[in-house]
Amino acid sequence: MTQLNKNTNKLTNLELSIQISLSGLSFSILQKDSNNISVLKHFDFNKRLTPLELLDRCQNIFDTESHLQESFNNICVIHDNELSTLVPKPLFEEDCLADYLKFNSKILKSDFITYDDIVLNDSVNVYVPYININNFIYDKFGAFTFKHVSTILIEEILQIEKNTNTPRAYLNICKNHFEIVIIEKGKLLLYNTFEYTTKEDFIYYVLFTAEQLNLNPETLNVAFIGDIKESDDVYQIAYKYIRNISFGDRNDNYTYNENPKYNHSDFTLIKSF
């Protein structure tokens, strides 16, 4: 559905997706009528910011990027952090959000906690969004939707692997951290996120996770997505210890003004449309 642009009285069919972490920001703009992604941009902060510094950086980007001065029919904000946990839907109680998170995340009493429903997994993803970023986006654009990055990862990978019987692990590689999603027979076995600084840290977490699930690295299929190429250290060390590794694929049907680096990069950002 198109929306009237209040400033120019022109119809707009633009959709904006923004992925935000303490170490970077990416955004993409989709022209809905032509199924064309016209803009795909990344900002690496070169260090891990505080939430207050993150807000300052976001405000600067939105003030200076001409593409972000448009009017958008739909806006999705993706919160990329480690502050999330999955709860089976039958056990979920909305009054217990902080209780679910406190066992595996450092949260403050002042943190705003929310959740996404993951219908395909009959579960609820409880998480802490960057509420100051949400408030900024709302003040600038009005109504929008937001999700946790793991919600998109889990939903999309479950959809891709719905007819697969053998276990498969997806590793979504980001700067200094990665997410792992393991699927078997169309069901989610595990989701987790790990911070790492060396390739040895990385492979330790992967092999330890496989061991905990009694998955054999000789037979487990591993698919890499995200910011990774074959010559990267983490790919090379995975190739040394795991027999079956490959790159995943977004399998999208968009056209691009400027193509993403790889068919497996910008997975969550582009799949959020």
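Residues numbered from 1 in each chain as written. Predicted model: local features only at pLDDT ≥ 70, side-chain atom pairs only at ≥ 80, totals over all residues. Heavy atoms only, no water.

Here's the deal with the overall build of the protein
Next up, step 1: The helix and strand tally for the protein stands at seven helices and 16 strands.
Next up, step 2: Over its C-alpha trace the protein gives a radius of gyration of 19 Å, about what one expects of a compact globule, namely 19 Å for 273 residues.
Next up, step 3: The principal-axis extents of the C-alpha atoms in the protein amount to approximately 60 × 45 × 35 Å.
Next up, step 4: Residue pairs at least 24 apart in sequence account for 56% of intrachain contacts in the protein once pairs closer than 6 positions are excluded.
Next up, step 5: Working note: accessible area of the protein is about 14500 Å², and carbon and sulfur atoms make up 47% of it. (Helix = DSSP H or I, 4+ residues; strand = E, 2+ residues; numbered from the N terminus. Rg over C-alpha atoms; globule rule 2.2 N^0.38 Å. Contact = heavy atoms within 4.5 Å. Areas by Shrake-Rupley, 256 points an atom, 1.4 Å probe, with all protein chains shown as cover.)

A few points about the nonpolar core
Next up, step 1: Formed by 25 residues in total, the largest nonpolar core has its most connected members in I18, I20 and I137.
Next up, step 2: Counting residues per element, the ones that place at least two in this core are β3 (14-21), β4 (24-31), α1 (51-64), β6 (74-79) and α3 (131-141).
Next up, step 3: If near-sequence neighbours (up to four positions away) are discounted, I18 is found in contact with L25, S26, F27, F62, I75, C76, V77, I78, I137 and L269.
Next up, step 4: By size, the runner-up hydrophobic cluster in this structure holds 23 residues, among which are F194, Y196, I203 and I242. (Core = buried A, V, L, I, M, F, W, Y, C linked by side-chain atoms within 4.5 Å. Buried < 20%, exposed > 50% of the residue type's maximum accessible area, 1.4 Å probe, protein only.)

A short note on the pattern of salt bridges
Next up, step 1: Enumeration over the complete set of coordinates arrives at twelve salt bridges.
Next up, step 2: Here K271 ties to E156 by a salt bridge, and the two come within 4.0 Å at their closest N and O atoms. Taken together, the positions of K271 in helix α7 (residues 267-271) and E156 in helix α4 (residues 149-160) put the pair 115 residues apart, joining distant regions of the chain. (Salt bridge = Lys/Arg side-chain N within 4 Å of Asp/Glu carboxyl O.)

Topic: the sheet that holds strand β9 (residues 123-127)
Pairing between the strands of a sheet comes from backbone hydrogen bonds, and it takes one of two forms, parallel or antiparallel.
Next up, step 1: The antiparallel open sheet is built from three strands, whose spatial order is β7-β9-β8. Looking along the sheet, the strands with just one partner apiece sit at the ends: β7 (84-88) and β8 (114-118). With strand direction ignored, the average angle separating the axes of adjacent strands in the sheet is 25°.
Next up, step 2: Together, β7, β8 and β9 form the strand contacts of α4, whose direction differs from that of β8 by roughly 5°. (Pairing = 2+ DSSP bridges. Axes fitted to C-alpha atoms, helices over the stretch in contact; angles between N-to-C directions.)

Regarding the side chain of S26
Next up, step 1: Summarising the element assignment, S26 is placed in strand β4.
Next up, step 2: The class for S26 is buried, based on a relative accessible area of 16%.
Next up, step 3: The residues touching S26, leaving out its near neighbours within four places in the chain, are S17, I18, Q19, K41, H42 and L269.

Some remarks on empty space enclosed by the protein
Next up, step 1: Inspection of every chain in the model, using the stated rule, returns one cavity of 30 Å³ or more.
Next up, step 2: Each pocket or cavity is described by its volume, and for the largest cavity that value is around 30 Å³.
Next up, step 3: Considering the residues around the largest cavity, the lining is formed by A169, L171, I180, I182, V206, A210, L220 and V222.
Next up, step 4: Mapped onto the lining of the largest cavity, the elements with two or more residues apiece are β11 (168-174), β12 (177-184) and α5 (199-212).
Next up, step 5: Broken down by class, the residue content of the lining of the largest cavity amounts to eight nonpolar, no polar and no charged. (1 Å grid on protein atoms, 1.4 Å probe; cavity = no way out; pocket = protein on both sides within 12 Å on 5 of 7 lines; lining within 4 Å. Points joined across faces, edges and corners; volume = space filled by probe spheres on them. Nonpolar A, V, L, I, M, F, W, Y, C, P; charged D, E, K, R; others polar.)

Structural notes on the environment of I182
Next up, step 1: Examined against the element boundaries, I182 turns out to sit in strand β12.
Next up, step 2: Each C-alpha atom, one on I182 and one on A169, is 4.2 Å from the other, the two residues being 13 residues apart in sequence.

Some remarks on the side chain of D116
Next up, step 1: Tracing the backbone shows D116 in strand β8.
Next up, step 2: There is no salt bridge for the buried D116, and the closest opposite charge comes from K147, which lies 6.8 Å off by N-O distance.
Next up, step 3: Polar side-chain contacts of D116 include one of 3.1 Å to the side chain of Y127.
Next up, step 4: Within the local environment of D116, its side chain forms a polar contact with the backbone nitrogen of H148, the two atoms lying 3.0 Å apart.
Next up, step 5: Leaving out residues up to four positions away in the same chain, D116 has contacts with S123, V124, N125, Y127, F146, K147, H148 and T151. (Lys, Arg positive; Asp, Glu negative; His and termini not counted. Polar contact = N/O pair within 3.5 Å; in protein donor to acceptor, adjacent residues only side chain to side chain.)

Topic: the layout of surface pockets
Next up, step 1: Estimated volume of the largest pocket: approximately 910 Å³.
Next up, step 2: Element by element, the count of residues in the lining of the largest pocket is highest for strand β5 (residues 36-44), at four residues.
Next up, step 3: Of the residues in the lining of the largest pocket, the class split is eleven nonpolar, 15 polar and ten charged.

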